[in-house]
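Results of the structural survey
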2 protein chains.
Amino acid sequence: MTETSAAKVTLVDIARLAGVGVGTASRALSNAKNVAPATRERVLRIAEEHQYVVSPEASRLARGNTGRVALVVPHLSRWFFGSVVEGLGDALRGADLDLLLYEVGDSRDRHDFFDRLPARRKVDAVVVVGFQVEDGERDRLATMGVQIVAAGGQSASYPSVHIDDHEASRQAVAHLVHLGHRRIGMLEAVDPDQPGLTSTRSPAYYEVLEAAGLEVDPTLVVSAPWGGEHGAASMSRLLGHREPPTAVFAHSDEVALGAMRTLRRAGLRPGADVSVVGIDDHPMAELTDLTTVRQDPREQGVLAGRLLLGLLDGREPSSLTAPTHLVVRGSTAPPRA
Amino acid sequence: MTETSAAKVTLVDIARLAGVGVGTASRALSNAKNVAPATRERVLRIAEEHQYVVSPEASRLARGNTGRVALVVPHLSRWFFGSVVEGLGDALRGADLDLLLYEVGDSRDRHDFFDRLPARRKVDAVVVVGFQVEDGERDRLATMGVQIVAAGGQSASYPSVHIDDHEASRQAVAHLVHLGHRRIGMLEAVDPDQPGLTSTRSPAYYEVLEAAGLEVDPTLVVSAPWGGEHGAASMSRLLGHREPPTAVFAHSDEVALGAMRTLRRAGLRPGADVSVVGIDDHPMAELTDLTTVRQDPREQGVLAGRLLLGLLDGREPSSLTAPTHLVVRGSTAPPRA
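Read on for an overview of the structure. (Residues numbered from 1 in each chain as written. Chains lettered and ligands numbered in written order. Predicted model: local features only at pLDDT ≥ 70, side-chain atom pairs only at ≥ 80, totals over all residues. Heavy atoms only, no water.)

**Topic: the overall build of chain A**
Within chain A, the secondary structure is distributed over 14 helices and 12 strands. Over its C-alpha atoms chain A spans a radius of gyration of 25 Å, topping by over 25% the 20 Å that the globule rule assigns to 337 residues. Across its three principal axes, chain A shows a C-alpha extent of roughly 85 × 40 × 35 Å. When the 337 residues of chain A are sorted by exposure, 53% land in the buried category. In chain A, of all internal contacts separated by at least 6 residues, the share reaching a separation of at least 24 is 71%. Accessible surface, chain A: about 14500 Å² in total, of which carbon and sulfur atoms supply 51%. In chain A, the 36 positive side-chain charges and the 43 negative ones have mean positions that sit 4 Å from each other. (Helix = DSSP H or I, 4+ residues; strand = E, 2+ residues; numbered from the N terminus. Rg over C-alpha atoms; globule rule 2.2 N^0.38 Å. Buried < 20%, exposed > 50% of the residue type's maximum accessible area, 1.4 Å probe, protein only. Contact = heavy atoms within 4.5 Å. Areas by Shrake-Rupley, 256 points an atom, 1.4 Å probe, with all protein chains shown as cover. Lys, Arg positive; Asp, Glu negative; His and termini not counted. Charge placed at Lys NZ, Arg CZ, Asp CG, Glu CD.)

**Observations regarding the nonpolar core**
Counting 80 residues, the largest nonpolar core has Y205 and F249 of chain A together with Y205 and F249 of chain B as its most contacted members. With near-sequence residues (within four places) excluded, F249 of chain A lies in contact with S169, A172, V173, L176, G185, M186, L187, R201, Y205, V277 and I279 of chain A. One finds V69 of chain A together with L71, V84 and L311 of chain B within the second-largest nonpolar core, a separate group that totals 48 residues. (Core = buried A, V, L, I, M, F, W, Y, C linked by side-chain atoms within 4.5 Å.)

**So, the pattern of salt bridges**
Summed over the entire model, instances satisfying the criterion amount to 46 salt bridges over all chains. D109 of chain A is paired through a salt bridge with R108 of chain A; the nearest N and O atoms lie 3.9 Å apart. (Salt bridge = Lys/Arg side-chain N within 4 Å of Asp/Glu carboxyl O.)

**A closer look at the relation of the copies chain B and chain A**
Mapping one chain copy onto the other needs a rotation about an axis and a shift along that axis. Superposition of chain B onto chain A requires a rotation of 180° combined with a translation of 0.2 Å along the rotation axis, giving an RMSD of 0.4 Å. Overall, the copies show the geometry of a two-fold rotation axis. Using C-alpha coordinates, one finds that chain B approaches the rotation axis most closely at L100 of chain B, a distance of 2.5 Å. A share of 98% of interface residues in chain B that are also interface residues in chain A marks the association as one of identical surfaces. (Least-squares fit on C-alpha atoms with pLDDT ≥ 70 in both.)

**Things to note about the side chain of H241 of chain B**
All names here are of chain B. Assignment of secondary structure puts H241 in the loop between α11 (228–239) and β8 (247–250). A polar side-chain atom of H241 sits 2.9 Å from the main-chain amide nitrogen of E243. Excluding residues within four positions of it along the chain, H241 makes contact with R183, D217, T219 and L220. (Polar contact = N/O pair within 3.5 Å; in protein donor to acceptor, adjacent residues only side chain to side chain.)

**Quick word on the packing of aromatic side chains**
For the structure shown, the criterion picks out 10 aromatic pairs over all chains. A ring pair is formed by Y205 of chain A and Y206 of chain A, whose centres lie 5.1 Å apart and whose planes are at 80°; its orientation type is edge-to-face. On the basis of relative accessibility, which here comes to 0%, the residue Y205 of chain A falls in the buried class. On the numbers, 5.2 Å between centres and 90° between planes, the contact of F113 of chain B with F114 of chain B is edge-to-face. An identical accessibility class is assigned to F113 of chain B and F114 of chain B; each is buried. (Phe/Tyr/Trp six-rings, centres within 6.5 Å; stacked < 30°, edge-to-face > 60°.)

**Points about the sheet that holds strand β10 (residues 291–294) of chain A**
The strands making up a sheet associate through backbone hydrogen bonding, with each pair oriented either parallel or antiparallel. Residues and elements named next belong to chain A. In spatial order, the strands read β7-β6-β8-β9-β10-β12; together these six strands make up an open sheet with mixed pairing. Looking at the sheet topology across the chains shown, the edges are occupied by β7 (221–225) and β12 (325–327). Strand-to-strand twist in this sheet, taken as the mean axis angle between neighbours without regard to direction, amounts to 20°. Both β10 and β12 contribute to a ladder of three bridges, which runs antiparallel. Among the inter-strand pairings, V293 is bridged to a residue of β12, identified as L326. Against the sheet, helix α12 (residues 253–265) engages β6 (184–190), β8 (247–250), β9 (275–280) and β10, with an angle of about 160° to β9. (Pairing = 2+ DSSP bridges. Axes fitted to C-alpha atoms, helices over the stretch in contact; angles between N-to-C directions.)

**Comments concerning the packing of helix α2 (residues 11–18) of chain B against helix α3 (residues 22–29) of chain B**
Residue and element names in this part refer to chain B. Packing of α2 against α3 brings their axes to within 9 Å, and their N-to-C directions diverge by 100°. Taken together, the axes of α2 and α3 are roughly perpendicular relative to one another. Across the interface between the two elements, L11, V12 and A15 of α2 pack against V22, A25, S26 and L29 of α3. A class-by-class count of the residues in the contact of α2 with α3 yields six nonpolar, one polar and no charged. (Parallel < 35°, antiparallel > 145°, perpendicular 65-115°, else oblique. Nonpolar A, V, L, I, M, F, W, Y, C, P; charged D, E, K, R; others polar.)

**Observations regarding the interface of chain B and chain A**
Residue-level contacts link 49 residues of chain B with 48 residues of chain A. Summed over both partners, the interface of chain B with chain A buries about 4700 Å², with 46% contributed by carbon and sulfur atoms. Among the residues of chain B in contact with chain A, E103, R121 and L287 of chain B are the three that bury the most area, contributing 15% of the side total. Linking chain B with chain A are eight salt bridges, by the criterion used here. Residue R265 of chain A is joined to D289 of chain B by a salt bridge in which the shortest nitrogen-to-oxygen separation is 2.6 Å. Summed over the shared surface of chain B and chain A, the number is 22 residue pairs in polar contact (both at pLDDT 80 or more). Ranked by residues supplied to the side of chain B that touches chain A, first place goes to helix α6 (residues 79–93) of chain B with eight residues. (Buried area = accessible area lost by both parts, 1.4 Å probe.)

Pasting the structure below:
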């Protein structure tokens, strides 16, 4: 049977053949919850036998919305962003919502997205994945008049699912202090597209050192963009210090992995000679014995998806803080005597 | 001005105010190429001033298609798949096509996707990212009556952009042979969801060894699913061999990175004690000094996107083989004397 002839079977036909009303048939086909399992099965079997296909346009008209959600994502090739999107996909697939993907990898793409808002009139909601929306961008999004959720980070005053960056950093730095380190460096990551943004992962470094009565030496803090190569270069700078640190806190695992390469190339062993701790628990952290503060971006995506479904069902906006915890591996150890 | 009142401004109004025909105004707003830059700017400025929004339904009717493409992707959190999708996004954004994302991470999701074909009637084309479509799945896809392209892998007889797996493997194994290794192991990766599928990366291993006059020892080949932890376990098995290999060829960088962790934990140095080569040039390969055969999945995505645009424009189907090349780093060296 071809697509064209199959399309001639209508919802009314299916309902008649199944011996149910059109509303029940429609709900069964759209996987709505208030249909008896036996009825749903009968309707689905008959629809399958007749190769009946729900017209998205018809079902959209029935629901009064688009049935689509826009995901705005900066760097899909990176583990963190890809994982959040995977989780969102899991949470939203069950609700039969389609995901429209908008990548805003560099500042030009991002400007173009917020300028043109290509998702306008196409979606019921927008999920901002892992980046901070600027004031002008927020004003543009507001013109869409749809629900907006932030996943894997806090942004503007949108409902969000995120970790507590301050707490994650505190866990990392406190681990180094507890091991007995007294000279602790920080590899601070910044976003080159938003250079004015102070990292939420930095203040805990200063607070933990001060609370432990340790001197804060600003020459042990190196700022550079996110990414492994930058971490490698920053670690080189610290190794060139007249009195190098015995341990470093890196703002992410990728930055930490770059730092570990620099150590190895300098003939130093991570852990035994210089301790390194990151944040993430990137899949590579386990493969490289990197101590880190674990977060689960996939789970953050799942929770953000559920939060969004609640909003679309008329529930009150809320935000969630996902937990983080220290995972100790071989890259940290007490300082050498 | 609210969304509702803005919607009252029509394309005809914009064209009149800009002093151009309706067709020109439409092309300017849809970023089509055959509009003078000054005209385009004038139309866009007037549309912006009047908060004119192109109705996707109107523009779809004008084009006679959905303006959407479905991406079917197994594991978005993994670098390879995320990178292919990033490249596809880049290529298709310029054409003003929206991307509908369908994740098919495990075999249940995948079965559900091909069973229900939720993308039906919603898209002009389907891109299958990095996995092989089985016979029954191909028959289901065919019922959609749309263009189908495979990106980052060959699948069925669809037009595709992929690397030559046999050539990539040949480059990796030949490198180990040229360094002087005589006992070379293989960490063979298999897909647990498609166990019957013979890896296209395996035959070159046997061919290169035989061509070099080296004995093929089947006990030096360990098969396990893709992924770092499996690579680590497979390397442990090879280290327990009564006569362990001096070098191993891993089917991917993630497998290779797992193998390197096993070596380090056993007190062996990758390169100096046992050589390891992978395939991919994963961002972590550079950070871990892993020798590998480089491919560029992002570029494969871009090329697949262009291939798809050509098909939608009525051009003949074709396939492309993306190049690979050896990148020598510290994880490979001549065998110890």
